[in-house]
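Coordinate analysis (summary)
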Amino acid sequence: MIATPLAGYLLVAALVFAIGLAGALTRRNAILVLIGIELMLNAANLNLIAFWRYGPHPEAMTGMMFAIFSIAVAAAEAAVGLGLVISIYRHAKTTDLDQINRMKG
Amino acid sequence: MGIAFYIISALTVCGGLAAVLLKNTVHCALALTVAFAGLALLFLRLDAQFAGFAQILVYIGAVAILVVFAILLTRGSDTPKDGVFSKTWLAGLAIAAAVFSVLGWAVLQAAPWLPHETVAPNVTVNQIGEALMGRYVLPLEIVAVLLTAALVGAVIVAMHEKEGAK
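Residues numbered from 1 in each chain as written. Chains lettered and ligands numbered in written order. Predicted model: local features only at pLDDT ≥ 70, side-chain atom pairs only at ≥ 80, totals over all residues. Heavy atoms only, no water.

**A look at the overall build of chain A**
Regarding its fold elements, chain A presents three helices and zero strands. Ordered by position from N to C terminus, the α and β elements of chain A give α-α-α. The C-alpha extent of chain A, read off along each of the three principal axes, is 55 × 30 × 15 Å. The buried share of chain A, taken over its 105 residues, is 65%. Summarising the internal contacts of chain A: among those between residues at least 6 apart in sequence, 56% fall at separations of at least 24. When the accessible surface of chain A is summed, it comes to about 4000 Å², and 69% of that surface belongs to carbon and sulfur atoms. Across chain A, the mean location of the 7 positive side-chain charges is 13 Å away from that of the 5 negative side-chain charges. (Helix = DSSP H or I, 4+ residues; strand = E, 2+ residues; numbered from the N terminus. Buried < 20%, exposed > 50% of the residue type's maximum accessible area, 1.4 Å probe, protein only. Contact = heavy atoms within 4.5 Å. Areas by Shrake-Rupley, 256 points an atom, 1.4 Å probe, with all protein chains shown as cover. Lys, Arg positive; Asp, Glu negative; His and termini not counted. Charge placed at Lys NZ, Arg CZ, Asp CG, Glu CD.)

**Things to note about empty space enclosed by the protein**
Using the criterion set out here, one finds one cavity of 30 Å³ or more in the structure. The space that makes up the largest cavity amounts to roughly 40 Å³. Residue lining of the largest cavity: L34(A), I35(A), E38(A), A78(A), L82(A), V63(B) and V67(B), and that is the complete set. Residue assignment for the lining of the largest cavity shows that the elements contributing at least two residues are α2 (30-54) and α3 (62-92) of chain A together with α3 (49-73) of chain B. In terms of residue count, α2(A) provides more of the lining of the largest cavity than any other element does, three residues in total. By residue class, the composition of the lining of the largest cavity is six nonpolar, no polar and one charged. (1 Å grid on protein atoms, 1.4 Å probe; cavity = no way out; pocket = protein on both sides within 12 Å on 5 of 7 lines; lining within 4 Å. Points joined across faces, edges and corners; volume = space filled by probe spheres on them. Nonpolar A, V, L, I, M, F, W, Y, C, P; charged D, E, K, R; others polar.)

**Notes on the packing of helix α1 (residues 5-26) of chain A against helix α4 (residues 89-110) of chain B**
Relative orientation of the contacting elements α1(A) and α4(B) amounts to 170 degrees, with a least axis distance of 8 Å. Between α1(A) and α4(B), the interaxial angle falls into the category roughly antiparallel. With respect to the hand of their crossing, α1(A) and α4(B) are arranged in right-handed fashion. Here α1(A) contributes A7(A), L10(A), L11(A), A14(A), L15(A), F17(A), A18(A), L21(A), A22(A), L25(A) and T26(A) to the contact with α4(B), which in turn contributes W89(B), G92(B), L93(B), I95(B), A96(B), V99(B), F100(B), L103(B), G104(B), V107(B) and L108(B). (Axes fitted to C-alpha atoms, helices over the stretch in contact; angles between N-to-C directions. Parallel < 35°, antiparallel > 145°, perpendicular 65-115°, else oblique. Left-handed = near helix turned anticlockwise from the far one by under 90°.)

**Considering α4(B)**
All names here are of chain B. Taking 1.5 Å of rise per residue, the 22 residues of α4 would be expected to cover 32 Å, and the 32 Å separating its terminal C-alpha atoms lies within 8% of that figure. Taken as a whole, α4 has its buried residues at G92, A96, G104 and V107. With its buried residues spanning 90 degrees around the axis, α4 presents them on a single face. In α4, the exposed positions that point more than 90 degrees away from the buried face belong to L90, V102 and W105. (Expected span 1.5 Å × (residues − 1). Arc of directions from axis to C-beta.)

**Considering the nonpolar core**
Residues Y9(A), L46(A), I49(A), M64(A), M65(A), L42(B) and V67(B) are the most contacted members of the largest nonpolar core, which totals 66 residues. Residue assignment for this core shows that the elements contributing at least two residues are α1, α2 and α3 of chain A together with α1 (3-21), α2 (25-45), α3 and α5 (125-133) of chain B. For this core, the domains that each give at least three residues are domain 1 (1-79) and domain 2 (123-166) of chain B. With residues up to four places along the chain from it excluded, the contact list for V67(B) reads I31(A), I35(A), L82(A) and A29(B). Residues L21(A), A22(A), V33(A) and M40(A) belong to the second largest nonpolar core, which totals six residues. (Core = buried A, V, L, I, M, F, W, Y, C linked by side-chain atoms within 4.5 Å. Domains from an automatic or database assignment.)

**Concerning the interface of chain B and chain A**
Contact with chain B, which involves 86 residues of that partner, is made by 65 residues of chain A. The tally of links between chain B and chain A comes to one salt bridge. Between D47(B) and R53(A) there is a salt bridge, and its shortest N-O distance comes to 2.7 Å. Between chain B and chain A we count eight residue pairs in polar contact (both at pLDDT 80 or more) in total. Only α1, α2, α3, α4, α5 and α6 (137-158) of chain B provide two or more residues apiece to the side of chain B that touches chain A. With twelve residues, the top contributor of residues to the side of chain B that touches chain A is α3(B). (Salt bridge = Lys/Arg side-chain N within 4 Å of Asp/Glu carboxyl O. Polar contact = N/O pair within 3.5 Å; in protein donor to acceptor, adjacent residues only side chain to side chain.)

**Focus on the domain arrangement of chain B**
Here chain B is described as being made up of domain 1 (1-79) and domain 2 (123-166). Here domain 1 of chain B and domain 2 of chain B have C-alpha centroids that lie 23 Å from each other.

**Looking at the packing of aromatic side chains**
A full pass over the atoms with the stated rule returns five aromatic pairs over all chains. With centroids separated by 5.6 Å and ring planes inclined at 70 degrees, the aromatic side chains of F5(B) and Y6(B) adopt a geometry described as edge-to-face. Y6(B) sits in the partly exposed class, given a relative accessible area of 37%. A centroid spacing of 4.7 Å and a plane angle of 55 degrees characterise the contact between F36(B) and Y59(B), whose relative ring orientation is tilted. A residue pair is termed long-range when its members are at least 10 positions apart, and F36(B) in helix α2 and Y59(B) in helix α3 qualify at 23 residues. We classify Y59(B) as buried; its relative accessible area is 0%. The structure contains a cluster of three or more aromatic residues connected by ring pairs, namely Y9(A), Y54(A), F5(B) and Y6(B). Above the plane of the ring of F85(B) lies R27(A), whose end atom (NZ or CZ) is 5.3 Å from the centre. The ring of Y54(A) carries the charged tip of R53(A) above its face, separated from the ring centre by 4.9 Å. (Phe/Tyr/Trp six-rings, centres within 6.5 Å; stacked < 30°, edge-to-face > 60°. Lys NZ or Arg CZ within 6 Å of the ring centre and 35° of its normal.)

Pasting the structure below:
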């Protein structure tokens, strides 16, 4: 069915990316939107590692290093994003994105 | 490919689907943990041991716990009366479906030319450490500064506003 293992991993990554995108675009709760973004970042990491594994020069470790740095940056993003959500909640008393429509409190 | 790949992929996709579809936000966070674990297993199957264990430590150990804390601090576990999905959910779903169909089409079109099974690369943690201290030392330092700045910034943003300090 699927010609190569790489294609299988790429399809799984595309599916996880689409699920994350759907979650980020359709959920109302700001934390669930962040969860969708984390899923998308993870799908990108899976692509990087799959291409590194089946690429022509895996011994150069470029793809895996990129994924490791990407994991570190995603951790920083999660911390800042959730801090912002808590701050907005304290101000607006809600995390419903349909109700938060002003930048100025 | 092997049966293990299909089982882990199904676990990952089901975890992701549950994370975006469930009503209770705490259940979403737990399903997200399952999806992260499945992705870590896929990393391990791709012979990226270090990235797989970093994924377990950072995502399951830190990000998932952070999400649970944020949910509990914001009382996000209360299910809203007018549904959990946004008013524009149909457009969002259409965009996601379009993105997936384009990505899937591209992968399936390119599948016959993608490289086949190769010898598993033998990358040890020793080599990763030497690469981080040698070729990748500048990105490492930048990530260190970024993490410090992000954590200080997160604390300042989430810190309690002082009374009358507006």
